[in-house]
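Commentary on secondary and tertiary structure
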Amino acid sequence: MNATLPTPEALRAALAGLLDGLPPTKAAQAVDRLIANYRGTTPTDTPVLRDRADVAAYAAYRMPATFEAVRSALAALRDAAPAWRPATHTDVGGGTGAASWAVAEAWEEAGDEAPRTTVLDWAEPALALGRELAAASGAPGLRGAEWRRARIGGALRLDPVDLVTVSYVLKELTPADRDALVTEAARAAAAVLIVEPGTPDGYERIIAARDRLIGAGLRIAAPCPHSAACPIAPGTDWCHFSARVSRSSLHRQVKGGSLAYEDEKFAYVAAVRFPAEPATARVTRRPQIRKGQVLLDLCTAEEGLRRDTVTKRHGALYKEARDIEWGAGF
Ligand SMILES: C[S@@+](CC[C@H](N)C(=O)[O-])C[C@H]1O[C@@H](n2cnc3c(N)ncnc32)[C@H](O)[C@@H]1O
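Now for a look at the structure at hand. (Residues numbered from 1 in each chain as written. Predicted model: local features only at pLDDT ≥ 70, side-chain atom pairs only at ≥ 80, totals over all residues. Heavy atoms only, no water.)

**Concerning the site of the ligand**
Selection rule: Near residues are defined by distance, with any heavy atom within 4 Å of the molecule or strand qualifying the residue. Two N or O atoms count as a polar contact when they lie within 3.5 Å, although within protein this holds only if one can serve as hydrogen donor and the other as acceptor, and sequence-adjacent residues are included solely when both atoms are side-chain atoms. Accessibility throughout is a Shrake-Rupley quantity obtained with a 1.4 Å probe, and a residue counts as covered only by protein chains that appear here.
In the vicinity of the ligand there are 19 residues, among which Thr 66, Gly 93, Asp 121, Ile 152 and Ser 167 approach most closely. Here Tyr 58 contributes a side-chain N or O atom positioned 2.9 Å from an oxygen atom of the ligand. Taking Thr 66, its side chain carries an N or O atom lying 2.9 Å from an oxygen atom of the ligand. About the coverage of the ligand: the protein hides 97% of its 600 Å² of free accessible area.

Okay, structure coming up:
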């Protein structure tokens, strides 16, 4: 393994260093308080991440999961535009930098230089800790990132940039700020990636953002195989995916149980201004493997939602179907 890559392991090591000196019960209490806050009436007028203990708790508890979700979404974007390499990146509401870690890893892993990243957030303690973690990463792309205080709202202006990421942020904004941010991201960037929790309301925010991005002239690179209307009838279902995350000891302490991992459910959209080739079909649920057959729920370019039964008779396709994962192109 390349020691300078911002991998999940490197992130876990950097986060473990953070909690040194914070008594385990203190960390667990801070996480409890944050969870209560996030369940409460967001958006708020002031940052929820107020001090270092809040931020350390957020980072240790949530960052591995948001990192994995963004990582997965970026893999789909890269599949749709394999030749594209962003030279610049802005992570809006970037907090402690989970999406920036994923962006740095995505292109450094491919042997390219990571884009020059700017992280924007209104919570100074989050930016400070993000900077600290990035310094501990050993990854040149992350260490060179700029961490800047900015408030998301109608007045926010972004510099022209290749890639904008907005990860787990829309939920915290008022509807007006949400719309303003998506419009501004579409104006400033060649590619926009938005990730939200994989819940029905997270999906609704993603669909509203998707419509706005298409309206601004971008086309969808992932997860949708097309830029037409989403075929899911409103209120009947929600498109979301899953990323596996190793659990930390803090996780086990807060959530109980001894599972070594958990699955982070997320919804996302990646839209671009340049030519891209979205998958012709995407697996929208966990494939069901039965004796001699695989049931695949797909979203397709031509027919919208479709269920395929792939059997042994399909030969190579069956082999492919048996190994395919939820969220992959097919
Ligand atoms: C749930 S955290 C997500 C952080 C990071 N993007 C990630 O994926 O882990 C939401 C972030 O949005 C920031 N945020 C919320 N409202 C904001 C606003 N109006 N202006 C700037 N930042 C905001 C918070 O400070 C926090 O860092």
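**Some remarks on the pattern of salt bridges**
To keep things clear, this is the line we draw: A pairing counts as a salt bridge when a side-chain nitrogen of Lys or Arg comes within 4 Å of a carboxyl oxygen of Asp or Glu. Here a helix means four or more residues in a row that DSSP labels H or I, a strand means two or more in a row labelled E, and each is numbered from the N terminus. Only protein chains enter the area calculation, which uses a 1.4 Å probe; residues under 20% of their type maximum are buried, those over 50% are exposed, and those in between are partly exposed.
Inspection of every chain in the model, using the stated rule, returns 20 salt bridges. Between Glu 262 and Arg 247 there is a salt bridge, and its shortest N-O distance comes to 3.6 Å. Of this pair, Glu 262 sits in strand 8 (residues 261-272) while Arg 247 sits in the loop between strand 7 (241-246) and helix 9 (249-255), and the two are 15 residues apart along the sequence. A salt bridge links Arg 306 to Glu 303, with the nearest nitrogen and oxygen atoms 2.6 Å apart. By relative accessible area, Arg 306 is classed as partly exposed at 29%. For Glu 303, a relative accessible area of 52% translates into the label exposed. Salt bridges sharing partners connect three or more residues here, namely Asp 237, Arg 285, Asp 297 and Arg 307.

**Points about the packing of helix 1 (residues 8-19) against helix 5 (residues 124-137)**
Rule in force here: The convention used is that axes are lines fitted to C-alpha atoms, helices contributing only their stretch in contact, and that angles between N-to-C directions extend from 0 to 180 degrees. An angle below 35 degrees is treated as roughly parallel, one above 145 as roughly antiparallel, one from 65 to 115 as roughly perpendicular, and anything else as oblique. We call a crossing left-handed when the near helix sits turned anticlockwise from the far one by less than a right angle, and right-handed when that turn is clockwise. Throughout, a residue-residue contact means that at least one pair of heavy atoms, one from each residue, lies within 4.5 Å. Under the scheme applied here, ten amino acids are nonpolar (Ala, Val, Leu, Ile, Met, Phe, Trp, Tyr, Cys and Pro), four are charged (Asp, Glu, Lys and Arg), and all others, including Gly, are polar.
Look at helix 1 against helix 5: their axes get within 9 Å of each other, and the N-to-C directions meet at 125°. Judged on the interaxial angle alone, helix 5 and helix 1 are oblique. Between helix 1 and helix 5 lies a crossing whose hand is right-handed. For the pair helix 1 and helix 5, contact is made by Ala 14, Leu 15 and Leu 18 and by Leu 129, Glu 132, Leu 133 and Ala 136, respectively. Of the residues assigned to the contact of helix 1 with helix 5, the class counts are 6 nonpolar, no polar and 1 charged.

**So, a positive patch on the surface**
Let me state the cut-off plainly: Residues enter a patch when their relative accessible area is above 30% and they make no salt bridge; the linking distance is 9 Å between like charges and 5 Å between nonpolar side chains (Val, Leu, Ile, Met, Phe, Trp, Tyr). Note that His is not counted, nor are the chain ends; the positive residues are Lys and Arg, and the negative ones are Asp and Glu. Each charge is placed at NZ for Lys, CZ for Arg, CG for Asp and CD for Glu.
A cluster of basic side chains, namely Lys 291, Lys 312, Lys 319 and Arg 322, defines a positive patch on the protein surface. Mapped onto the elements of the fold, Lys 319 is located in helix 10 (residues 316-323).

**Digging into the pairing of strand 5 (residues 189-197)**
Each regular strand carries side chains that alternate between the two faces of the sheet. This is how the line gets drawn: Here a strand pair is declared whenever DSSP counts at least two bridges between the two strands. Clockwise travel from the first strand over the helix to the second, with the strands pointing away from the viewer, marks a crossover as right-handed.
With 8 of its 9 residues buried, strand 5 lies for the most part within the structure. Pairing of strand 4 (residues 161-167) with strand 5 involves 6 bridges; the strand directions are parallel. Following the sheet pairing, Ser 167 is matched in strand 5 by Val 195. Each parallel crossover has a hand, and the one from strand 4 via helix 7 (residues 175-188) to strand 5 is right-handed. Where strand 5 and strand 8 come together, 7 bridges link them in antiparallel fashion. Looking at the pairing, Leu 193 lines up with Ala 270 of strand 8.

**Comments concerning the packing of aromatic side chains**
What characterises a pair of aromatic rings is the spacing of the ring centres plus the angle enclosed by the ring planes. Our working definition: By convention, a stacked pair of Phe, Tyr or Trp rings (six-membered ring in the case of Trp) has centres within 6.5 Å and planes under 30 degrees apart, an edge-to-face pair has planes over 60 apart, and any other such pair is tilted.
Following the criterion strictly, the structure yields 5 aromatic pairs and no others. Residues Trp 84 and Trp 107 carry aromatic rings whose centres are separated by 5.8 Å and whose planes lie at 85° to one another, so their mutual orientation is edge-to-face. Of the two residues, Trp 84 sits in the loop between helix 3 (52-80) and strand 1 (88-92) while Trp 107 sits in helix 4 (residues 98-109), which places them 23 residues apart along the sequence. Judged by its relative accessible area of 15%, Trp 84 is buried. Using a relative accessible area of 2% as the deciding quantity, one classes Trp 107 as buried. Aromatic rings pair up to connect Trp 84, Trp 107 and Phe 274 into one cluster.

**Some remarks on the environment of Phe 266**
For Phe 266, the location among the structural elements is in strand 8. As for Phe 266 and Ala 14, which are separated by 252 residues in sequence, their C-alpha atoms are 24 Å apart. Contacts of Phe 266, omitting those with residues within four sequence positions, involve Ala 69, Ser 72, Tyr 168, Val 195, Glu 196, Pro 197, Gly 198, His 240, Phe 241, Ser 242 and Ala 243.

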